[in-house]
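Letter by letter, the chains look like this.
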Amino acid sequence: MDENLVYSKTSAGEEAVRQRTRVVQRNLRMVLILVDGKTTAGELSAKVGNPQLVEQSLRELEEDGFIAPADEAASKWARSFANLYQSAKPGTPERPIQNPSTLTVPEVSYFHGPSSRPGMVDEVEEEEGEQRQATAAPPEAAPAALPAGPGLFSRLGATFRSRKIGRSSKKGPNKLLFGLVAVVLLVIGLYASLPQQRYRHELEAGLTAALDSPVSVERLGFGWAGQPALLAKVSKVGDGTISLGEVALVPRWGSLWSERPGWRRIEVNGAQLPLAAVAGLPTVAERLGASGEPARVVLRDALLTLGPLAVAGRWRAESAGGESVQLDSDDGTLHATVSRRADGVAVSWRGLGWNPSGGSRWAVDQVEGEALVEPATGDAVALQLRKVEALALDGRWQGEARLEVRGGRIALEGRAALKFVAGNRLASLGLVPVKIQGPCSAELAVRAQGKDWDALLAGMAFEGPVTVGKGELTGIDLLQSVREGGASLTRGGVTSFDNLTGRIRRDGRGTALTGLTLQSGLIGASGRVAADGNGRLDGLFDVQLRGTANQLRAQLALTGTAADPQLRRLR
């Protein structure tokens, strides 16, 4: 190797510096960046600290067309070895220099010892931005003479090896085909040698322990799950209420032929299983891991159930061992942590913009709480809701309840406290009998039954005291009806109030406000109002108008509908 040889980047080399994808091997890229049209090969070797690496890299870069001698002549390496070959045969007429790319440079280094600059790669990459903008300096003339090299026999051996390699390269396509066939045969042999029956038994045992139900794996074979994996088809789980479909197992490849194979990742797509069974995923992770490191178990697009009823939405669960499982709704609005306890399965959750019924009617802005899924007894599954807090309908909700699923029906019983909930939002949901504006607060006893979640919410019954702050009754004008007198009907208008209290009740017959008291300046009223399931109103008000000289009393009847209330003075 000529230590005085100077290389410059070609246009392809300049482009490769700007685009990292052209030259991705770290050592080649480092040497390519250092080539500047001024530094000699010897100086590059000294700078990198590894002459053999620099020599090999320069040769590969020149063969690939990324660099060329600064004088744009043929590679000095190629000339030197061709001349050495000629000098080895006295009397042989001089032959033309071959194309440099067909010559192979012998791996002979004029420098010795390991690199003394281990941080050179980092330094080069730090200067890469400047190197990309730099242009090669004007070419310098390369030295005319080559330094003394190895002896005659060493040169003859290197040249012979170079020519032999050149001839054998013509058989590249045949070797490539042979290599592909060998790889295919190797894969087939490896597959045939895998103890698949043992894998199937291990998988069945791990899933059975997690789900508390016998699991049968129908088949097991190679496949693709974003990466090479074994795909297992689960044919049956327990009595058929649980479905796992296809399970992808990404192995720890070094353990496949060991006594106990281990798995790095297990993915289950489209499963259907009880909410309580999710807590068993850490058991699967521990049973199917290897060397004390649990596998990562992932459920995607899972349907979770409470007894025969599905929990709204699709879910994603993930576990890497430990005591808990992370659970997320498919739309990302609810996150839960599930873990096993001695008295059942504990679930804690928090959500933003979550909708328990799948529609916008019952959406909550924010919710968090805790629950306990009790062990199933027969066909009954019970869920204790504890410390549930939510922001919804422009107010705050708190409560606790017990929910039981039995025979395809849901029953709920508990209590709820609401503070400063928007009255118009309650009216839009049919939870109050008349259109009302103002912040509502109440302490309610709640119960409900239904065949599914929507029916449960629609059929919810409650009862308790209610207070409404400063607001108004929309479509009802008590003052105007008293002033008009007679038997004429009064429609429209509003009645403003400073405070309204009463007791609210909702059941299968409708919604009612009883013991109602309203105060607003000179107006005072008491009475009741109810709306049946079709929205028809039935109410009675005793109204007082307080003045400086006297007081006027009147009794008003409320009829019509919630959309069109009508007042008529009785006396």
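Just so it is clear, the model here is predicted, and its values are computed rather than measured.

Quick question: what am I supposed to make of helix 3 (residues 41-48) here?
Each full turn of the α-helix corresponds to 3.6 residues, which orients residues three or four apart in the same direction. Within the span of helix 3, buried status applies to Ala41, Gly42, Leu44, Ser45 and Val48. In an axial view of helix 3, the angular spread of the buried residues amounts to 160°, which keeps them on one side of the axis. Two residues or fewer past helix 3, glycine 49 is found with a positive phi of approximately 90°.

Explain the pattern of salt bridges to me, please; I cannot follow it from the model alone.
Here the idea is simple: oppositely charged side chains can pair when their charged atoms come close. Following the criterion strictly, the structure yields 19 salt bridges and no others. Of the charged contacts in the structure, one is a salt bridge between glutamate 463 and arginine 503, with a shortest N-O distance of 3.5 Å. Of the two residues, glutamate 463 sits in strand 20 (residues 461-468) while arginine 503 sits in strand 24 (residues 499-507), which places them 40 residues apart along the sequence. Residues aspartate 538 and arginine 528 are paired through a salt bridge, measuring 4.0 Å at the closest nitrogen-oxygen approach. Remark: arginine 528 occurs in strand 26 (residues 523-532) and aspartate 538 occurs in strand 27 (residues 537-546); sequence separation between them is 10 residues. Using a relative accessible area of 38% as the deciding quantity, one classes arginine 528 as partly exposed. Each member of the salt-bridge network shares a partner with another, and the members are Glu374, Arg402, Glu404 and Arg406.

How should I be thinking about the environment of threonine 490 in this particular structure?
Looking at where threonine 490 falls in the secondary structure, it is placed in strand 22 (residues 489-491). We classify threonine 490 as buried; its relative accessible area is 6%. With residues up to four places along the chain from it excluded, the contact list for threonine 490 reads Asp477, Gln480, Ser481, Glu484, Pro565, Gln566 and Leu567.

How should the layout of surface pockets be read in this particular structure?
Remark: the empty space left among the atoms is shown by a probe the size of a water molecule rolled over them. Here the largest pocket is characterised by a volume of approximately 650 Å³. Along the wall of the largest pocket there are 27 residues; nearest its centre are Pro274, Ala276, Ala277, Ala376 and Val381. Partitioned by chemical class, the residues of the lining of the largest pocket number 15 nonpolar, 7 polar and 5 charged.

Can you help me understand the pairing of strand 29 (residues 565-569) in this one?
One face of the sheet, then the other: side chains in a regular strand alternate in exactly this way. Strand 29 sits mainly inside the fold: 4 of its 5 residues count as buried. With 3 bridges joining them, strand 22 and strand 29 adopt antiparallel strand pairing. Paired with leucine 489 across the two strands is arginine 568, which belongs to strand 29. Two strands pair when backbone bridges link them, and strand 28 (residues 551-560) and strand 29 are joined in this way by 5 bridges, in the antiparallel orientation. For glycine 560, the partnering residue across the bridge sits in strand 29 and is proline 565.

Would you take a moment to explain the nonpolar core for this structure?
In this structure, Leu244, Ile266 and Leu273 are the most contacted members of the largest nonpolar core, which totals 100 residues. Beyond its immediate stretch of four places on either side in the chain, isoleucine 266 contacts Val247, Ala248, Leu249, Val284, Leu288, Ala295, Arg296, Val297 and Val298. Core analysis: the next-biggest nonpolar cluster, separate from the first, contains 18 residues, Ala16, Val17, Phe66 and Ile67 among them.

I'm lost on the sheet that holds strand 18 (residues 436-437) in this one. Help?
Spatial strand order, 18-21-23: 3 strands in an open sheet with antiparallel pairing. The sheet is open, and its two borders are formed by strand 18 and strand 23 (494-497), each paired with just one other strand. Sheet analysis places strand 18 next to strand 21 (residues 471-474), joined by 2 bridges and oriented antiparallel. Note that in strand 21 the partner of glutamine 437 across the bridge is glutamate 472.

What's the story with the confidence of the model for the protein in this structure? I'm lost.
A low pLDDT score tells you not to read the predicted coordinates there in detail. Looking at the protein, the pLDDT average stands at 77 and 74% of residues meet or exceed 70. Scored below 50 in pLDDT, residues 159-170 shows 9 contacts in the model against residues more than four places distant or in partner chains.

Teacher, can you tell me more about empty space enclosed by the protein here?
Applying the stated criterion across every chain, the model contains 4 cavities of 30 Å³ or more. Put simply, the second largest cavity is a space of about 110 Å³. Lining the second largest cavity are 14 residues, with Leu207, Leu244, Val268, Leu281 and Val284 positioned closest to its centre. A per-element tally of the lining of the second largest cavity places helix 10 (residues 196-211) first, with 4 residues. When the residues that make up the lining of the second largest cavity are grouped by side-chain class, the tally is 14 nonpolar, no polar and no charged.

Sorry, what's going on with helix 4 (residues 51-63) here?
Taking 1.5 Å of rise per residue, the 13 residues of helix 4 would be expected to cover 18 Å, and the 18 Å separating its terminal C-alpha atoms lies within 8% of that figure. For helix 4, the set of buried residues is Pro51, Val54, Glu55, Ser57, Leu58, Arg59, Leu61 and Glu62. Following helix 4 by one or two positions, glycine 65 adopts a phi angle in the positive range, close to 85°.

Looking at this structure, how should I read the pairing of strand 17 (residues 409-422)?
As defined by bridge partners, strand 16 (residues 395-406) adjoins strand 17 across 11 bridges and the pair is classed as antiparallel. When the bridges of strand 17 are listed, arginine 406 appears paired with arginine 409. Count of turn residues in the strand 16/strand 17 antiparallel hairpin: 2 residues, of which glycine 407 carries a positive phi of about 60°. Note: strand 17 against strand 19 (residues 439-450), 11 bridges, orientation antiparallel. Among the inter-strand pairings, alanine 411 is bridged to a residue of strand 19, identified as glutamine 449.

Any chance you could explain unusual backbone geometry here in plain terms?
Leaving glycine aside, a negative phi is the common case for residues, and trans is the common case for peptide bonds. Phi is positive for leucine 393, which is not a glycine, with a value near 55°. Looking at where leucine 393 falls in the secondary structure, it is placed in the loop between strand 15 (380-392) and strand 16. One non-glycine residue with positive phi stands out, namely phenylalanine 420, at about 60°. Position of phenylalanine 420 among the secondary structure elements: in strand 17.

Rules and cut-offs
- Residues numbered from 1 in each chain as written.
- Predicted model: local features only at pLDDT ≥ 70, side-chain atom pairs only at ≥ 80, totals over all residues.
- Heavy atoms only, no water.
- Buried < 20%, exposed > 50% of the residue type's maximum accessible area, 1.4 Å probe, protein only.
- Helix = DSSP H or I, 4+ residues; strand = E, 2+ residues; numbered from the N terminus.
- Arc of directions from axis to C-beta.
- Salt bridge = Lys/Arg side-chain N within 4 Å of Asp/Glu carboxyl O.
- Contact = heavy atoms within 4.5 Å.
- 1 Å grid on protein atoms, 1.4 Å probe; cavity = no way out; pocket = protein on both sides within 12 Å on 5 of 7 lines; lining within 4 Å.
- Points joined across faces, edges and corners; volume = space filled by probe spheres on them.
- Nonpolar A, V, L, I, M, F, W, Y, C, P; charged D, E, K, R; others polar.
- Pairing = 2+ DSSP bridges.
- Core = buried A, V, L, I, M, F, W, Y, C linked by side-chain atoms within 4.5 Å.
- pLDDT = per-residue confidence, 0-100.
- Expected span 1.5 Å × (residues − 1).

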